[in-house]
Amino acid sequence: MTKLNFAIIGLVALATACGEGPEPQTIPETTQDQEPTDPVETEVWTPVPDKVDPFGQNGAPSDAIVLFDGSNLDQWISATDSTAAKWIINPDSSMTVANGTGDIQTKDNFGSVQLHVEWRSSPENIASGQAKSNSGVYLQNRYEVQVLDNNDNPTYVNGMVGSLYKQSPPLVMASVPTGSWNTYDIIYHAPEFDAEGAMVIAPKITVLHNGILIQDNFSLQGTTEYIGWPKVNAHGPGPIKLQDHNDHSGVSYRNIWVRPLN
Ligand code: MG
């Protein structure tokens with residue numbers, strides 16, 4: 001920001017602050033060559049950020065869209081055929097993948113979001129590698145944040161828990177013990193495409209796993225493919241999707257909410 005811009009903002013702030021804060025004694029004359037000497041000149045009073053209750057909806061922020069609170073799957077459909085989601089709702093307000101019924105996705109489409117998801121690997125799942133409690137959280141139906149039980153279970157690191165599948169290993173492995181609840185807090189910025197469909201701004205993902213930074217504003221190259229290189233196909237808003245890996249993962253989810261950004 002230039003000194004001139006800063007000065008303009010300061011003057012606007014002074015003009016709009018009247019009645020909302022301390023009355024300035026004088027409006028200082030500021031030029032591009034003069035650094036402000038009065039702290040009031042660099043104060044900004046408007047617009048005032050909206051007030052949010054962080055725990056306003058049974059633990060979800062008051063301005064969030066609650067996607068799953070344990071009561072129903074009304075916000076979700078089958079990703080296979082758009083019929084009602086068939087995963088299992090449990091008495092503890094979680095849901096579990098119903099093996100073989102397919103991925104589920106939100107009815108609504110989203111662009112850039114803050115997304116909160118809690119997930120739990122299954123103690124009954126004693127498989128190894130990619131078969132041990134494999135699921136995933138997809139942004140815009142294409143970009144997977146891997147869910148996997150990596151406790152005493154090595155696998156390729158760009159496919160381990162918290163990886164952006166086949167593109168970015170997590171910075172650290174921050175899982176809780178098998179069977180305990182993990183949290184993912186994901187900040188996702190949607191990509192932008194030009195008229196020819198070329199990606200001019202890559203999708204960017206930040207992930208906190210149990211509060212630990214594991215993906216730091218990573219720029220994806222394209223889709224997170226199982227086989228082959230990332231693909232770039234222009235797209236608009238898309239659903240959030242949860243994966244049925246179709247190998248009796250037993251993975252459960254709870255407390256899912258989203259805050260659209262922009
Ligand atoms: Mg997966």
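Undergrad: I keep staring at the coordination of the magnesium ion and nothing clicks. Help me out?
TA: Each angle at a metal carrying four tetrahedral donors should ideally be 109.5 degrees, and each at a metal carrying six octahedral donors should ideally be 90 or 180 degrees. Only Asn134 (OD1), Ser135 (O), Glu144 (OE), Gln146 (OE1) and Gln243 (OE1) from the protein reach the magnesium ion as donors, at distances of 2.2 to 2.3 Å. Read N to C, the donor residues that coordinate the magnesium ion are spaced as N-S-x8-E-x1-Q-x96-Q. With Glu144 in strand β8 (residues 143-147) and Gln243 in the loop between β14 (241-242) and β15 (252-260), this residue pair connects regions lying 99 residues apart in the sequence. A residue is classified by how much of its surface remains accessible, and Glu144, at 3% relative accessible area, is buried.

Undergrad: So what exactly am I meant to see when it comes to the packing of aromatic side chains here?
TA: Here the structure, examined in full by the defined rule, presents four aromatic pairs. Look at Trp87 and Tyr253: their rings are 6.2 Å apart centre to centre, the planes differ by 25°, and that puts the pair in the stacked class. Placement of the pair is Trp87 in the loop between β2 (76-78) and β3 (88-89) and Tyr253 in strand β15, with a sequence separation of 166 residues. The residues Trp87 and Tyr253 share a single accessibility class, namely buried. Ring centres of Tyr156 and Tyr165 lie 6.2 Å apart, and the angle between their planes is 65°; on these two criteria the pair is classed as edge-to-face. One Lys or Arg, Lys241, reaches over the ring of Tyr138 and ends 4.5 Å from the middle of that ring.

Undergrad: Could you clarify how one ought to interpret the nonpolar core in this entry?
TA: Within the largest apolar cluster, 39 residues are counted, with the highest numbers of intra-cluster contacts made by Trp76, Leu115, Tyr184, Ile186, Tyr253 and Ile256. Going through the elements one at a time, β1 (65-68), β6 (113-120), β7 (135-139), β8, β9 (181-189), β12 (204-209) and β15 are the ones with two or more residues in this core. With four residues, the single largest contributor to this core is β6. Residue contacts for Ile186: discarding those within four places in its chain leaves Val113, Gln114, Leu115, Val137, Leu139, Val145, Ile205, Thr206 and Val207.

Undergrad: Help me out: how do you make sense of the pattern of salt bridges in this one?
TA: Side chains carrying opposite charge are able to pair once their charged atoms draw close together. Inspection of every chain in the model, using the stated rule, returns four salt bridges. Here Asp63 makes a salt bridge to Arg259, at a shortest N to O gap of 2.8 Å. Linking Asp63 in the loop between α1 (3-17) and β1 with Arg259 in strand β15, this pair joins segments that are 196 residues apart in sequence. Looking at Asp63, the relative accessible area reads 36%, which means it is partly exposed. For Asp149, the salt bridge is made with Lys132, and the minimal N-O distance between the two is 3.8 Å. With Asp149 in the loop between β8 and β9 and Lys132 in the loop between β6 and β7, the pair connects residues that are 17 residues apart, well separated along the chain. Take Asp149 and Lys132: they sit in the same class, and that class is buried.

Undergrad: It is not clear to me how the layout of surface pockets should be interpreted in this structure. Could you clarify?
TA: To find leftover empty space, one rolls a probe the size of a water molecule over the atoms. Estimates place the volume of the largest pocket at around 160 Å³. As for the largest pocket, its lining consists of Gln57, Asn58, Gly59, Ala60, Val66, Phe68, Asp69, His116, Glu118, Asn255, Ile256 and Trp257. Those elements giving two or more residues to the lining of the largest pocket turn out to be β1, β6 and β15. In terms of residues, the lining of the largest pocket owes the most to one element, β15, which gives three residues. Classifying every residue of the lining of the largest pocket gives five nonpolar, five polar and two charged.

Undergrad: What's the story with unusual backbone geometry in this structure? I'm lost.
TA: It is generally the case that most residues other than glycine have a negative phi and that most peptide bonds are trans. Cis geometry marks the peptide bond from Thr46 to Pro47, where omega comes out at -5°. Assignment of secondary structure puts Pro47 in the loop between α1 and β1. Backbone geometry places Gln140, a non-glycine residue, at a positive phi of 50°. Within the secondary structure, Gln140 is located in the loop between β7 and β8. Look at Lys166: it is not a glycine, yet its phi comes out positive at around 65°. Relative to the assigned elements, Lys166 resides in the loop between β8 and β9. Its relative accessible area of 32% is what places Lys166 among the partly exposed residues.

Undergrad: I keep staring at the environment of Val117 and nothing clicks. Help me out?
TA: By the secondary structure assignment, Val117 is in strand β6. Residue Val117 is classed as buried on the basis of its relative accessible area of 1%. Contact partners of Val117, with chain neighbours within four places excluded, come to Val137, Asn182, Thr183, Tyr184, Tyr253, Arg254, Asn255 and Ile256.

Conventions and cut-offs
Residues numbered from 1 in each chain as written. Predicted model: local features only at pLDDT ≥ 70, side-chain atom pairs only at ≥ 80, totals over all residues. Heavy atoms only, no water. Donors = N, O, S within 2.8 Å, 3.2 Å for Na, K, Ca; no water. Helix = DSSP H or I, 4+ residues; strand = E, 2+ residues; numbered from the N terminus. Buried < 20%, exposed > 50% of the residue type's maximum accessible area, 1.4 Å probe, protein only. Phe/Tyr/Trp six-rings, centres within 6.5 Å; stacked < 30°, edge-to-face > 60°. Lys NZ or Arg CZ within 6 Å of the ring centre and 35° of its normal. Core = buried A, V, L, I, M, F, W, Y, C linked by side-chain atoms within 4.5 Å. Contact = heavy atoms within 4.5 Å. Salt bridge = Lys/Arg side-chain N within 4 Å of Asp/Glu carboxyl O. 1 Å grid on protein atoms, 1.4 Å probe; cavity = no way out; pocket = protein on both sides within 12 Å on 5 of 7 lines; lining within 4 Å. Points joined across faces, edges and corners; volume = space filled by probe spheres on them. Nonpolar A, V, L, I, M, F, W, Y, C, P; charged D, E, K, R; others polar.

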